[in-house]
Amino acid sequence: MIKTLFSKRYIFATLFVLLAMFVMIRLGVWQLDRRQQRLASNADVTAKLAESAQSVNDALAGRWTIPEERDTIRNTRATATGQFDYDNQILLLQQPVQGRPGMHLIAPLMLGDSGKAILVDRGWIPEAQAGNPAQFNDAPGEQWVTGFLQPPQILFGRAARKAAADPTPAEAKSQWYRVDIDAIQHQMPYELLPVFLTQSPPPEGNLALPTRVDPEFDLSEGSHLNYAFQWFSFALVAGIIYVSIVRSREKKRQQGSVEAPGGDNPQEQPSALGGTNHV
């Protein structure tokens, strides 16, 4: 059968089917790789959730180093102590919640007398009440903030090149579409840390605005294993169907090419009278 599959009659079709099977198998292997990446990510998140919160103030004192890798710093439990600079608070636009339009309050938290601050996502407010964000400011004085560290929200590819070509605004902006720390830094009178902190809700829950929500973690392995099984099955079925088709065609061709003794025309059969019957 292998010789038949690679004969002149079927060589191109066989190569095409083999290529299709290879692509399907490769997609299945890719899904297995994605599953392993998902499991590794889940293990990383689980380890982070099990760790005690890191202190941003300790990082400034040299007792802890903030990781530079985006995936490493993302969703790291952290605390920060300082005083909010509400005068430089900004609004993060286009942040709907359950279909309700709204925005997030992003305020710098001055970290003692270090001359540095960290941007804190203080939570969500409805768009209808965004005209007076000062009404949601906490009492002045030192605040202890708990939450999760996040890398800056930056653009990639063509969007990043387009944003880099735009000149830096001469005046401070109070409304932004992402927490781009490098861009926001231009309008701040002090140095910002290269990460920001999403503030967690209080122990009693959200009893008043702004609404704070911790990141949601999906620790399942997803559907990658099922997808891999499907791609492998597609490859196997494609091979079986193709071989079956070739075998069936060859069987019919061989049956139709049976020649009569002494005759050259496969459509001619000898008669009982010594003549030839044309079928």
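A brief report on the enclosed structure follows. No experiment lies behind these values; they were computed from the predicted model shown.

## Details of the packing of helix α2 (residues 11-50) against helix α7 (residues 224-256)
It is the contact of α2 with α7, at a shortest axis distance of 8 Å, that shows an interaxial angle of 165°. In this view, α2 runs roughly antiparallel relative to α7, as classed from their interaxial angle. Relative to α7, the crossing made by α2 is left-handed. Looking at side-chain class alone, the contact of α2 with α7 contains 17 nonpolar, five polar and three charged residues.

## Some thoughts on the packing of aromatic side chains
Summed over the entire model, instances satisfying the criterion amount to three aromatic pairs. A cation sits over an aromatic face here: Arg-122 above Phe-84, 5.6 Å from the ring centre. The lysine or arginine in question, Lys-173, covers the ring of Trp-176, its NZ or CZ lying 4.1 Å from the ring centre.

## Some points on the pairing of strand β2 (residues 76-84)
Note that strand β1 (residues 54-55) and β2 share two bridges and pair parallel. Bridging across to β2, Ser-55 finds its partner in Thr-79. In this structure, β2 lies alongside strand β4 (residues 102-110), joined through two bridges in antiparallel fashion. Paired with Phe-84 across the two strands is Leu-109, which belongs to β4.

## Looking at unusual backbone geometry
Here the amide bond leading from Leu-209 into Pro-210 is cis, since omega sits at 0°, within 30 degrees of zero. Relative to the elements of secondary structure, Pro-210 occurs in the loop between β8 (191-199) and α7. Located in the positive-phi region is Asn-75, a residue other than glycine, with phi close to 65°. Mapping Asn-75 onto the fold places it in the loop between α4 (70-73) and β2. Take Asn-75: its relative accessible area is 15%, and that puts it in the buried class. Despite not being glycine, Gln-94 shows a phi value in the positive range, around 55°.

## Considering the pairing of strand β5 (residues 116-126)
Taking burial as the measure, the 11 residues of β5 include 10 buried ones, the bulk of the element. As defined by bridge partners, β4 adjoins β5 across nine bridges and the pair is classed as antiparallel. From the neighbouring strand, Met-110 faces β5, where its bridge partner is Ala-117. Hairpin remark: β4 followed by β5, antiparallel, with five residues in the connecting loop; positive phi at Gly-112, about 60°. The pairing of β5 with β8 spans five bridges and is parallel. Residue Ala-117 lies in a different strand from β8, and its bridge partner there is Leu-192.

## Examining the nonpolar core
Ranked by size, the top nonpolar core spans 19 residues in total, and within it Val-56, Leu-109, Ile-118, Leu-149 and Leu-197 carry the most contacts. Elements represented by at least two residues in this core include exactly α3 (56-60), β2, β4, β5, β6 (142-150) and β8.

## Overview of the pattern of salt bridges
The tally for this structure, following the rule as stated, stands at nine salt bridges. Of the charged contacts in the structure, one is a salt bridge between Arg-35 and Glu-221, with a shortest N-O distance of 3.2 Å. Separated by 186 residues along the polypeptide, Arg-35 in helix α2 and Glu-221 in the loop between β8 and α7 bring together distant segments of the chain. A residue is classified by how much of its surface remains accessible, and Glu-221, at 28% relative accessible area, is partly exposed.

## A word on the environment of Arg-38
Within the secondary structure layout, Arg-38 lies in helix α2. Considered as a pair, Arg-38 and Asp-218 are 180 residues apart in the sequence and their alpha carbons are 9.9 Å apart. If we ignore the near neighbours within four places in the chain, the residues touching Arg-38 are Asp-218, Ser-220, Glu-221, Gly-222 and His-224.

## Considerations on α7
Taking 1.5 Å as the rise per residue, α7 with 33 residues should run 48 Å; its terminal C-alpha atoms sit 48 Å apart, in good agreement. Within α7 the residues assigned to the buried category are His-224, Ala-228, Ala-235, Gly-239, Tyr-242, Val-246 and Glu-250. Tucked into the core, α7 has its buried residues touching α1 (2-5) and α2.

## Quick look at α2
A rise of 1.5 Å per residue sets the reference length of α2, with its 40 residues, at 58 Å; its end C-alpha atoms lie 58 Å apart and thus fit the reference within 8%. If you check which residues of α2 are buried, you get Thr-14, Val-17, Met-21, Met-24, Gly-28, Gln-31, Arg-35, Asn-42, Val-45 and Lys-48. Contacts from the buried residues of α2 go to α1, α4, β2 and α7.

## Digging into the side chain of Asn-75
Among the polar contacts listed, one links the side chain of Asn-75 to the side chain of Gln-150, at a separation of 2.8 Å. Once you skip the residues sitting within four places of it in the chain, Asn-75 turns out to touch Lys-48, Phe-148, Leu-149, Gln-150, Pro-215 and Phe-217.

The rules we used
Sequence order as written defines the numbering, with residues in each chain counted from 1. Side-chain atom pairs in this predicted model are given and counted only at pLDDT of 80 or more, local residue features only at pLDDT of at least 70, and totals for whole chains, interfaces and linings cover all residues. Note that water and hydrogens are dropped before the side-chain values are worked out from all heavy atoms of the structure. To get an axis, a line is fitted to the C-alpha atoms, and for a helix only the part in contact is used. The angle between two axes follows their N-to-C directions and goes from 0 to 180 degrees. By the criteria applied, helices consist of DSSP H or I runs no shorter than four residues and strands consist of E runs no shorter than two, each listed in order from the N terminus. Should an angle lie under 35 degrees it is considered roughly parallel, over 145 roughly antiparallel, and from 65 to 115 roughly perpendicular; all remaining angles are considered oblique. The handedness criterion is simple: a crossing whose near helix is rotated anticlockwise from the far helix by less than a right angle is left-handed, and one whose near helix is rotated clockwise is right-handed. Residues are sorted three ways: Asp, Glu, Lys and Arg are charged, Ala, Val, Leu, Ile, Met, Phe, Trp, Tyr, Cys and Pro are nonpolar, and all the rest, Gly among them, are polar. In this scheme Phe, Tyr and Trp rings, the latter by its six-membered ring, pair at centre separations within 6.5 Å, and the angle between planes marks the pair as stacked below 30 degrees, edge-to-face above 60, and tilted otherwise. When the NZ atom of lysine or the CZ atom of arginine is within 6 Å of a ring's centre and also within 35 degrees of its normal, the charge is said to sit over that ring. A strand pair is defined by DSSP finding two or more bridges across the two strands. Throughout, exposure labels follow a simple rule: accessible area from a 1.4 Å probe, protein chains only, divided by the maximum for the residue type, with under 20% read as buried, over 50% as exposed, and the rest as partly exposed. By convention a nonpolar core is built from buried Ala, Val, Leu, Ile, Met, Phe, Trp, Tyr and Cys residues, the set being connected through side-chain atoms within 4.5 Å. By salt bridge we mean one thing: a side-chain nitrogen of Lys or Arg within 4 Å of a carboxyl oxygen of Asp or Glu. The criterion used for residue contact is that any of the two residues' heavy atoms lie within 4.5 Å. Expected span, for any helix, means 1.5 Å times one less than how many residues it has. Any pair of nitrogen or oxygen atoms within 3.5 Å is treated as a polar contact; in protein, a donor-acceptor pairing is required on top of that, and neighbouring residues in sequence qualify only through side-chain atoms on both sides.

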